[in-house]
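# Examination of the molecular architecture
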Amino acid sequence: MKKLLLLFFLPLQLMAQNTIGLPDITNFSRQAYSAGIQNWDIKQDKNGILYVANNEGLLTFDGRNWNLYPLPNRTNVRSVEVGADNKVYVGGQDELGYFSPSGNGQLEYHSLTGLIPAKDKSFGDVWDIVSFNKSIYFRTINKIFKLTNEAINTFNAPQEWAFLCTCNGELYAQDYQNGIMIFKNDVWTPIQAKINIQARDPVTSMMVMGKDSILVTTLKSGLHMMSNAGISKLQTPNNALFETERIYAATPVNAEWVALATNNKGVYIADMKGNIIQHFSGTEGLQNNNVLSIFLDNQSNLWLGLDNGIDLVAYNSAIKQVNPMLQDGSGYTTIIFGDRLFAGTSNGVYSVPLQPMKDLSFSIGDFAPVNNLRGQTWGFASINNQLLVGQHEGFSIIAGNTAEKISGNHGFWNFVPLSGSFPTAQMVAGNYQGLLFFDYANGRFSYAKHLPDFTESSRFIAIDKDDNIWVSHPYHGVYKVSKNSAGTYVTSSYTDKNGLPSLLNNHVYKIRNEVLVGTEKGIYVYNAARDQFEPSAYYKKLLGDQSIRYLKEDVQGNIWFIHEKNLGVADFSSKEPAIIYLPELNNKMLSGFECIYAVDENNIFLGGVTGFYHINFEKYKKTTPALHLQVRAVKVSGKTDSLYFGGYFKDINEPQIQDAAAIPKIKYGWKSIRLEFATSLFGYQSNMQYSYRLTGFDENWSSWAAQTEKEYTNLSAGNYTFEVKVRNNFGNESAVASYSFKILPPWYLSVWAKILYFLLILAGVYAIYVWQKKKFKVQQAKYEAEQQRLRYIHDLELSKTAGELVALKNEKLEAEINFKNSELGSSAMHLVKKGELLSKIKSELAQVSKAIEKPEAVADLRKMIKTLNEDENMDKEWENFSSHFDKVHSDFLLALKEKHPTITPSELKLSAYLRMNLSTKEIAQLMNISVRGVEIGRYRLRKKLALATETSLFDYLINVHGNG
């Protein structure tokens, strides 16, 4: 009865076990991808972009960003397919269509429901979409739609369509009435084979198994095999489990294994016979155990569409996690002894049996605690075919799954044999309090002695070719323990005074039979001749002078090292050594307590913050995928944010290279432009570094960094090309991806503005020309006016000069006239005086004649008086007088004579004398008439001249001028 029970529970025990190494699982929560909870289907295009059918629409993932594209009616998306025509087809509730890139490279939805006949438009959810022979097939419960050349044919379900897929080059569907059917000649036909699937049990996947067989998974009855003989249930002890857990989807993992997604227990990896290889559930790191869809991407990663979330299982990764406790606990040391792997942790020692396989991470088994070894474990050693373990609680030896304590002293770090012979007779152990020596005899180790006067904690020990024991303390320096001629151990201390770069952070290791010290300035080697440490020229060339905290040589001669918190290896498998970093493990190791256990090139164990890590280094170097990346988004922010580029230059699946004609023009006035780029190497994101430049702005490539976006501000108008490339941890670089754009100048610097400016300049030049011309005319007019004024002034000056000359002449003339007048006056006065004299003479002569009685004398006197009365001389003098008078007074007499022809000579004389303003008496004397005669003459003259009473005779005469 016990044997029967054991046989009954054996499959369950096998099912409970898992491989000791599990790939890394990345969780994408609903908050991470910002969409609905359920994810029903997953596909990938040739460029690596992932497409997920989500409750809130179509999700895409490029390795950096998740983007959501809802359907117009906001329905759930149940299925997705990347068609051969480079379109992404989706199906929802009463909605089906496709996404393709729009003009700016963003996915845009195109509905196909308009092609469906009106009677078939209420079709419910589209659960499957399949691309087959240049047609697209959409499965609903009651109908299958076939899309060919923008025409849709409808195939009604005999009872209910439950499944649709392609397998082995054929198109299959399941109907609950007819079972599995094949599509031939545009007709659905039941396969001619015996079917052993229970009623209304939906098929969930069909996968090729060998040449003539197909593995069929169902929701309720597990695994089946389909061949020409029919369909029968696969005989495997795990079918009961699969029936209970319900296989909802499946996909091949490789030629031998399949991944089965269940509704209740996560994902099982099984072989084609149904044997479980691995299991992933919430215990192993899934967000939940209800897996609605599963997809193997082009890097052999498993994508899980969960009931709530999306998980990425890096299934093909060469790095696996080994967690002996399946709970928090750090891994400090590990070793393979016999056929078991022993793991020393912060909680104790655990062991698990190993199967004979190349990659030990695929060994199936559960870790079990080793008895009597609870608590902090520091180190293992295999010496004399015995497994030694050092713990905080002491030193023990493990036999089977139980430990026997050898020393109860606290704090054993390590164990090192003192000779290379087997068995070694003595070993040294590094302890919290220094070095302890143990002897080996009769198959047992026993305490021998403690190194006196040396109490430094001895976690790092190496023994050189001269049997000197080297010990380092990270804070106190390096020590050499050697035997003197008397056979006694003596200790020498080496610090920064002995060639080391610092007193701190020095770690001693034995690499290639040489004792080396990892320091803050690189690797140092001991120079025995000088008894000094000095930088190693070989390792300086290999690793530079970067800080080195840990060194480990593997069996292939490669040297593993830790710089800061980064793991690297100097790989000597090629002609030239190569430095390879493993960034997947950065910051995952125990800082200061690192442990690397190198079994062979397929099995490198590394202590970690949580458990251990297993590295298949041979696979790690071979599975590096080809590098590629894309510019995935270009966003411009200004008053509003704008998406200028949505990730697609051309159709889906086509090489994403920008056409010269598709260079966008960005209007001036933006605040910043952000370019996002990504590589869809999902399992290698931590290995990638990017470098970029913006030609037209900066011709130099940026330094390599993990940054996957770049933002620019304040770019001037012009043409730019953003270039970006990616490299992995092997130093391989991808081809350059680029995005070109043009920043338009501001409106005031645009072509039209420049034309306007040109026209304005022309108008301005013309206006200036007109203005200058007008100004010239004005200036000319002013000049001419000025010249005229100057001429006028000149003329005035000339006139003035002439006037002055005239005035001078006039003055001269006036002087002459005055002189003439004076002469005339003098002449007139002379005449007057002469007349007076003559009158006086005549009077006196008359008196004399009266007194003379002599007649002869009287006669003579009378004769003289007669002579005096003659007028000839008087007339002659008048003629002279009148001539001079006319010269002085502008031909007055001639003018008066011409004006008044009837005027008499005596009246002319009177007029002349009046013009000279002579008195009446003077005139009477000049004219030899009485005063009364003068007045009468004046009266007559006025009448002759016809003067009015009020007119002054003098004024009239003064205004009479001749023509000259």
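Keep in mind it's a predicted model, so treat the numbers as computed, not measured. (Residues numbered from 1 in each chain as written. Predicted model: local features only at pLDDT ≥ 70, side-chain atom pairs only at ≥ 80, totals over all residues. Heavy atoms only, no water.)

Once that is clear, we can look at the side chain of Thr-19. Take Thr-19: it is sitting in the loop between α1 (2-16) and β1 (22-23). Here Gly-21 takes part through its backbone oxygen, which lies 2.9 Å from a polar atom of the side chain of Thr-19. Engagement of the side chain of Thr-19 in a polar contact is seen with the side chain of Gln-278, the distance being 2.7 Å. When residues no more than four places from it in sequence are discounted, the contact partners of Thr-19 are Ile-277, Gln-278, Ser-361, Phe-362, Ser-363 and Ile-364. (Helix = DSSP H or I, 4+ residues; strand = E, 2+ residues; numbered from the N terminus. Polar contact = N/O pair within 3.5 Å; in protein donor to acceptor, adjacent residues only side chain to side chain. Contact = heavy atoms within 4.5 Å.)

What follows concerns helix α11 (residues 920-927). Every buried residue of α11 is accounted for by Ile-923, Ala-924, Leu-926 and Met-927. Buried residues along α11 cover an arc of 165 degrees about the axis, so they all sit on one side. Immediately downstream of α11, the backbone of Asn-928 shows phi near 60 degrees, a positive value. (Buried < 20%, exposed > 50% of the residue type's maximum accessible area, 1.4 Å probe, protein only. Arc of directions from axis to C-beta.)

It is worth spelling out the pattern of salt bridges at this point. Per the stated rule, a full pass over the model turns up 26 salt bridges. For Lys-622, the salt bridge identified is with Glu-618, shortest N-O distance 3.3 Å. Residue Lys-622 and its partner Glu-618 are both found in helix α5 (residues 617-622); the two are separated by four residues, about one turn of the helix. According to the relative accessible area criterion, Lys-622 is exposed, its value standing at 64%. Each of Arg-64, Lys-635, Arg-674, Glu-676, Glu-709 and Glu-711 takes part in a single network of salt bridges with overlapping partners. (Salt bridge = Lys/Arg side-chain N within 4 Å of Asp/Glu carboxyl O.)

Turning our eyes to something else, we now look at the sheet that holds strand β4 (residues 50-54). If you walk across this open sheet you meet the four strands as β3-β4-β5-β6, and the pairing is antiparallel. Bordering the open sheet on either side are β3 (39-44) and β6 (66-69), each of which pairs with just one other strand. Each strand axis lies, on average, 20 degrees off the axis of its neighbour in the sheet, ignoring direction. Inspection of the sheet shows β3 paired to β4 by five bridges, in the antiparallel sense. Each residue of the ladder has a partner; that of Ile-42, found in β4, is Val-52. (Pairing = 2+ DSSP bridges. Axes fitted to C-alpha atoms, helices over the stretch in contact; angles between N-to-C directions.)

Right, let's get into the sheet that holds strand β51 (residues 532-535). The strand order across the open sheet formed by four strands is β48-β49-β50-β51, and the pairing between neighbours is antiparallel. Looking at the sheet topology across the chains shown, the edges are occupied by β48 (507-511) and β51. If you compare each strand with its neighbour and ignore which way they point, the axes differ by 40 degrees on average. Sheet topology note: the strand β49 (residues 514-519)/strand β50 (residues 522-527) ladder contains four bridges and is antiparallel. In the strand pairing of β50, Thr-519 is matched with Gly-522.

Note that every value here comes from positions in space, so none of it alone points to a role or purpose.
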